[in-house]
Structures are given as C-alpha cells and as structure tokens.
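The lines below spell out each chain.
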Amino acid sequence: AGMPARRGLLCRPFLTLGREVTEQACAHQGLVPWVDPHNADERFARVRARRLVAALEAELGPGVAAALARSADLLRADDAALTGYAHDALAALRAEPDDPLGPWPVGPLRDLPPAARGRVLRLLGARAGTGALGSAHVRALEALVADPAHGPVALPGGWVARRRAGRIGLLPPGQVE
C-alpha cells in the first residue's frame, strides 16, 4: 500500500511532490536538503523498485509513478477497511473462556471472506503472542480451518496450532500434546 502521508504523529506533507519540486523549493529558500544515503543503496528493494519505475516511465511515458501512487492509495484504503472488518470479526469470535490461545470455533472462521480470514488469523496469532505470522503460516492455518484432517501447524517461536472437535487452539512452546 506504500508509505502513507500520515501515520499517527508522523506526517509527510511533501510525499506527493517530486524531487525536483522540493529541491527547487529548498534552493529558493536557501536550504540545503539532506540526502538519505539509504535511498541510493541497492540492497533495499524500494531503491531497486524506484529505478525500475523510472525505466518504465522512460519507456512508456510519464504517469507510471503517479498511477502506482494512486493504486497504493486505493490499496491502503482497502487494507484499512479489511483490517477493520477483521477486528470486528475477531471481536465476534469468542473463545471459551475468552482466552487468547483459543480454542476458536472453525465455522465462523471458515465463513469469513478469505481476505478477512487471513487478517483474523494474523490477529489471533498476534493476540496470543506467537510473533509475526508470514504468508506460509497463514496458508497453513487456512488449511487447518478448511480440513479437519489437516495436522498441527508449526508457528514462529515454537507455537503450534491444532484443530480438535471443530475448534482451533494455539499451544505455546513446550506445551505441544
């Protein structure tokens, strides 16, 4: 979804301006802009992506970067809506008792739209303390939701997710049955 113009207290008011515009504004004000050396370091994917976008604009004409920025804005809004939906779904998904390790009923998880279900599974892991779940973990948890015969799922930090009697629960490290 790209870098947002505002996140919490952090505000980037010049994010939509091109480099040449900000350099001209600095020159007009007698300011010397600081150049972040990381922005030229090819080890970062964002640096390589910027170079590719510049090459695309040279080949296809201007507007590629602006189109990508508009797409990022739309994706950011979609992500916010889906994340809100996932938080609401998580609030409705009650473990008995309300335990961050579950177990959670499979039915309501299975009935969620896939885009929300993946977010809910990530939120459940975060709430329990498993650490960040990658896409491979989420896919494995999706398989656990879909298939009662699917075996336990290994998660970061030694955590394990298992399905029993129509419910999914998380087992902390050292408590695997």
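Residues numbered from 1 in each chain as written. Predicted model: local features only at pLDDT ≥ 70, side-chain atom pairs only at ≥ 80, totals over all residues. Heavy atoms only, no water.

**Q** Would you mind showing me how to read the overall build of the protein chain here?
**A** Within the protein chain one finds 6 helices and 6 strands. Of the regular secondary structure in the protein chain, the N- to C-terminal order runs β-β-α-α-α-β-α-α-α-β-β-β. Its C-alpha atoms give the protein chain a radius of gyration of 22 Å, clearly above 16 Å, the size a compact globule of 177 residues would have. Each principal axis of the C-alpha distribution contributes one length, and for the protein chain these read about 70 × 35 × 30 Å. Residue pairs at least 24 apart in sequence account for 42% of intrachain contacts in the protein chain once pairs closer than 6 positions are excluded. Accessible surface, the protein chain as shown: approximately 11500 Å² in total, 62% of it carbon and sulfur. (Helix = DSSP H or I, 4+ residues; strand = E, 2+ residues; numbered from the N terminus. Rg over C-alpha atoms; globule rule 2.2 N^0.38 Å. Contact = heavy atoms within 4.5 Å. Areas by Shrake-Rupley, 256 points an atom, 1.4 Å probe, with all protein chains shown as cover.)

**Q** What's the story with unusual backbone geometry in this structure? I'm lost.
**A** Residues other than glycine predominantly adopt negative phi, and peptide bonds predominantly adopt the trans conformation. Although it is not a glycine, Ala-165 sits at a positive phi angle of roughly 50 degrees. Relative to the assigned elements, Ala-165 resides in the loop between strand 5 (160-164) and strand 6 (167-171).

**Q** Hey, could you run me through the packing of helix 2 (residues 45-60) against helix 3 (residues 64-92) in this one?
**A** Helix-helix packing is characterised by the crossing angle of the two axes and by the distance between the axes. It is at 8 Å that the axes of helix 2 and helix 3 come closest, and there the two elements cross at 125 degrees. Taken as axis vectors, helix 2 and helix 3 run oblique relative to one another. Taking contact as the criterion, the partners of Val-53, Leu-56, Glu-57 and Leu-60 in helix 2 are, on helix 3, Val-64, Ala-65 and Leu-68. When its residues are assigned to classes, the contact of helix 2 with helix 3 shows 6 nonpolar, no polar and 1 charged. (Axes fitted to C-alpha atoms, helices over the stretch in contact; angles between N-to-C directions. Parallel < 35°, antiparallel > 145°, perpendicular 65-115°, else oblique. Nonpolar A, V, L, I, M, F, W, Y, C, P; charged D, E, K, R; others polar.)

**Q** Got a minute to help me understand the sheet that holds strand 5 in this structure?
**A** Picture the strands of a sheet paired through backbone hydrogen bonds; they go either parallel or antiparallel. Strand order in this open sheet of 4 strands is 3-6-5-4, and the pairing throughout is antiparallel. Every interior strand has two partners, whereas the edge strands, strand 3 (104-105) and strand 4 (153-154), have only one. Contacting strand 4, strand 5 and strand 6, helix 6 (residues 135-146) crosses the sheet at an angle of about 10 degrees to strand 5. (Pairing = 2+ DSSP bridges.)

**Q** Would you explain helix 6 in this entry?
**A** The α-helix advances 3.6 residues per turn, and as a result positions three or four apart in sequence lie on the same side. Here helix 6 spans 16 Å end to end across 12 residues, near enough to the 16 Å set by a 1.5 Å rise per residue. Val-138, Leu-141, Glu-142, Leu-144 and Val-145 are the residues of helix 6 that are buried. Looking straight down helix 6, one finds that the buried residues subtend no more than 160 degrees of arc, so they occupy a single side. For helix 6, the exposed residues set more than 90 degrees away from the buried face come down to Arg-139 and Ala-146. Along its buried surface, helix 6 packs onto helix 4 (106-111), helix 5 (114-128), strand 4, strand 5 and strand 6. (Expected span 1.5 Å × (residues − 1). Buried < 20%, exposed > 50% of the residue type's maximum accessible area, 1.4 Å probe, protein only. Arc of directions from axis to C-beta.)

**Q** So what exactly am I meant to see when it comes to the environment of Arg-119 here?
**A** Within the secondary structure layout, Arg-119 lies in helix 5. Note: C-alpha distance between Arg-119 and His-87 (32 residues apart in sequence) is 8.5 Å. Apart from residues lying up to four places away in sequence, Arg-119 is in contact with Asp-79, Leu-82, Thr-83 and Ala-86. Within polar-contact distance, the side chain of Arg-119 engages the backbone oxygen of Ala-115 at 3.0 Å. (Polar contact = N/O pair within 3.5 Å; in protein donor to acceptor, adjacent residues only side chain to side chain.)

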